[in-house]
Amino acid sequence: MSTDLPLLQPPSREPDPGVESSLLGMPEEGPCLRADAARNRAKLLDAAARLIAEHGAAGVTMEAVAAAAQVGKGTVFRRFGDRTGLLNALLDHSERRFQAAFIGGPPPLGPGAPPVERLVAFGHAVLRRTVEQLDLQLAAEPSIERRFAAAPRQALHAHVAMLLRRQLPQADTELLAHTLMGYLNPVLIHHLIRQCAMPMDRLEAGWTDLVARVTGAEPPR
């Protein structure tokens with residue numbers, strides 16, 4: 001099991017608009033983390049990033065990272081738990097920046113815009129981010145048992161469900177959020193972009209149309 005702290009916990013209830021930033025979870029590292037442990041973590045992640053740049057995500061194994069960082073393999077396992085934990089740690093920085101954008105950044109992705117506009121902006125941002133990091137995201141895709149329980153996915157699902165509740169207060173927004181999130185699955189995006197050669201603007205238009213149909217709202221122009 002990875003020792004990295006969860007990024008953002010799903011809320012137990014819809015947050016007040018003024019305290020949406022309270023959804024942010026714990027800091028990436030505890031305040032008592034030793035300086036040498038922090039340096040070792042950064043060294044391992046730098047080594048993993050180099051391997052991805054040189055060989056793609058398939059070249060990132062615990063053994064390869066240990067060799068590239070010139071540490072024992074056990075050190076990598078103790079720090080990240082398994083290969084998925086290591087790959088998720090690589091995605092962590094990007095994930096935190098993205099969460100900060102949709103929780104407290106400028107509208108329409110952040111607070112201040114109507115919920116349908118925010119849903120559209122959210123989906124477009126996820127699509128672009130996933131395509132940019134597609135190999136890494138696919139390699140870090142959790143097992144079936146962990147897929148829907150992983151903290152980053154729960155955070156995104158909670159955000160979509162919150163926006164849906166604001167637009168459709170009487171609907172089963174938990175299930176509707178799963179429907180919308182299915183469109184943003186990295187495996188589906190891989191199929192559409194690489195196997196079907198669909199352009200990004202078609203995927204973005206499809207998301208906009210799906211949000212409009214689910215919410216019954218006029219799509220933003």
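Above this text sits the structure in question.
Chains are numbered independently. Their residues run from 1 in the order of the written sequence. Totals for whole chains, interfaces and linings use all residues, but because this is a predicted model, local features are given only for residues with pLDDT of at least 70 and pairs of side-chain atoms are given and counted only at 80 or more. Working from all heavy atoms in the structure, the side-chain values ignore hydrogens and water.

What follows covers the overall build of the chain. Only DSSP runs of H or I with at least four residues qualify as helices, and only runs of E with at least two residues qualify as strands; both kinds are numbered from the N terminus onward. Counting its regular elements, the chain contains 11 helices and 0 strands. Counting from the amino terminus, helix and strand elements in the chain follow one another as α-α-α-α-α-α-α-α-α-α-α. Counting only residues that meet the buried cut, the chain has 42% of its 221 residues in that class. Across the chain, the fraction of contacts at a sequence separation of at least 24, relative to all contacts at a separation of at least 6, is 66%. When the accessible surface of the chain is split by element, carbon and sulfur atoms take 57% of a total near 11,500 Å². Three labels apply to residues, based on accessible area from a 1.4 Å probe with only protein chains included: buried if under 20% of the type maximum, exposed if over 50%, partly exposed otherwise in between. For this analysis, residues touch if any pair of their heavy atoms sits within 4.5 Å. Where accessible areas are quoted, they stem from the Shrake-Rupley method and a 1.4 Å probe; at the residue level, only the protein chains shown are allowed to cover.

Here we come to the nonpolar core. Phe98, Phe122, Val160 and Leu184 are the most contacted members of the largest nonpolar core, which has 31 residues in total. Going through the elements one at a time, α4 (83–104), α5 (115–132), α8 (151–167), α9 (173–183), α10 (186–195) and α11 (200–215) are the ones with two or more residues in this core. Per-element accounting of this core gives the leading share, 8 residues, to α5. Setting aside residues up to four positions removed in sequence, Phe98 forms contacts with Leu109, Phe122, Ala125, Val126, Arg129 and Leu156. Buried Ala, Val, Leu, Ile, Met, Phe, Trp, Tyr and Cys residues form a nonpolar core when they are joined through side-chain atoms within 4.5 Å. Of all hydrophobic cores here, the second largest spans 19 residues; its members include Leu44, Val65, Ala69 and Leu86.

Another point: the pattern of salt bridges. Each salt bridge in this description consists of a side-chain nitrogen of Lys or Arg and a carboxyl oxygen of Asp or Glu lying within 4 Å of one another. All chains considered together, the criterion is met by 8 salt bridges. A salt bridge links Glu204 to Arg128, with the shortest nitrogen-to-oxygen separation between them at 3.0 Å. Placement of Glu204 in helix α11 and of Arg128 in helix α5 is noted, with a sequence separation of 76 residues between them. Classification of Glu204 as buried rests on a relative accessible area of 17%. Exposure remark for Arg128: the relative accessible area of 39% places this residue in the partly exposed category. Put simply, Asp209 and Arg213 hold a salt bridge, and the shortest N to O gap is 2.7 Å.

Let's shift gears to the packing of aromatic side chains. Working definition: a ring pair exists when centres of Phe, Tyr or Trp rings (six-membered ring for Trp) sit within 6.5 Å. Plane angles under 30 degrees give stacked, over 60 give edge-to-face, the rest tilted. Under the criterion given, the structure shown has 4 aromatic pairs. Ring centres of Phe102 and Phe122 lie 5.6 Å apart, and the angle between their planes is 80°; on these two criteria the pair is classed as edge-to-face. Note that Phe102 is positioned in helix α4 and Phe122 in helix α5, a separation of 20 residues in sequence. For the pair Phe102 and Phe122, one class covers both residues: buried. Taken together, the ring pairs in this structure connect Phe98, Phe102 and Phe122 into an aromatic cluster. When the ring centre of Phe80 is taken as reference, the NZ or CZ atom of Arg79 above it lies at 5.7 Å. Put simply, a charge is over a ring when the Lys NZ or the Arg CZ is close to the ring centre, within 6 Å, and near the line of the ring normal, within 35 degrees.

Another point: the packing of α5 against α8. Between α5 and α8, the shortest axis-to-axis distance is 9 Å and the interhelical angle comes to 155°. With respect to their mutual orientation, α5 and α8 come out roughly antiparallel. Both α5 and α8 take part in a crossing whose hand is left-handed. Listed contacts from α8 to Pro115, Val116, Arg118, Leu119 and Phe122 of α5 are Leu156, His159, Val160, Leu163, Leu164, Arg166 and Gln167. Asp, Glu, Lys and Arg are counted as charged, while Ala, Val, Leu, Ile, Met, Phe, Trp, Tyr, Cys and Pro are counted as nonpolar; the rest, among them Gly, fall into the polar class. Of the residues assigned to the contact of α5 with α8, the class counts are 8 nonpolar, 2 polar and 2 charged. Axis lines are fitted through C-alpha atoms, for helices just across the contact stretch, and the angle between N-to-C directions can take any value from 0 to 180 degrees. Angles below 35 degrees are treated as roughly parallel, those above 145 as roughly antiparallel, those between 65 and 115 as roughly perpendicular, and all remaining angles as oblique. Each crossing gets its hand from how the near helix is turned against the far one by less than a right angle, where anticlockwise is left-handed and clockwise is right-handed.

As a further point, take α4. Three or four residues apart is the spacing at which side chains of an α-helix point the same way, because the helix has 3.6 residues per turn. By definition here, a helix of n residues has an expected span of 1.5 Å times n minus one. Spanning 22 residues, α4 covers 31 Å between terminal C-alpha atoms, matching the ideal 32 Å at 1.5 Å per step. Approximately 40° is the largest bend angle found in α4, and it occurs at Asp92. Here the bend at each residue means the angle between axes fitted to two seven-residue stretches, the one ending at that residue and the one beginning there.

The next thing to look at is the packing of helix α1 (residues 35–55) against α4. Close contact between α1 and α4 brings their axes to 10 Å; oriented N to C, the two are set at 90°. When the axes of α1 and α4 are compared, the pair comes out roughly perpendicular. Facing α1, whose interface residues are Arg41, Leu45, Ala48, Ala49 and Ile52, α4 presents Leu86, Ala89 and Leu90. Here the residues of the contact of α1 with α4 sort into 7 nonpolar, no polar and 1 charged.

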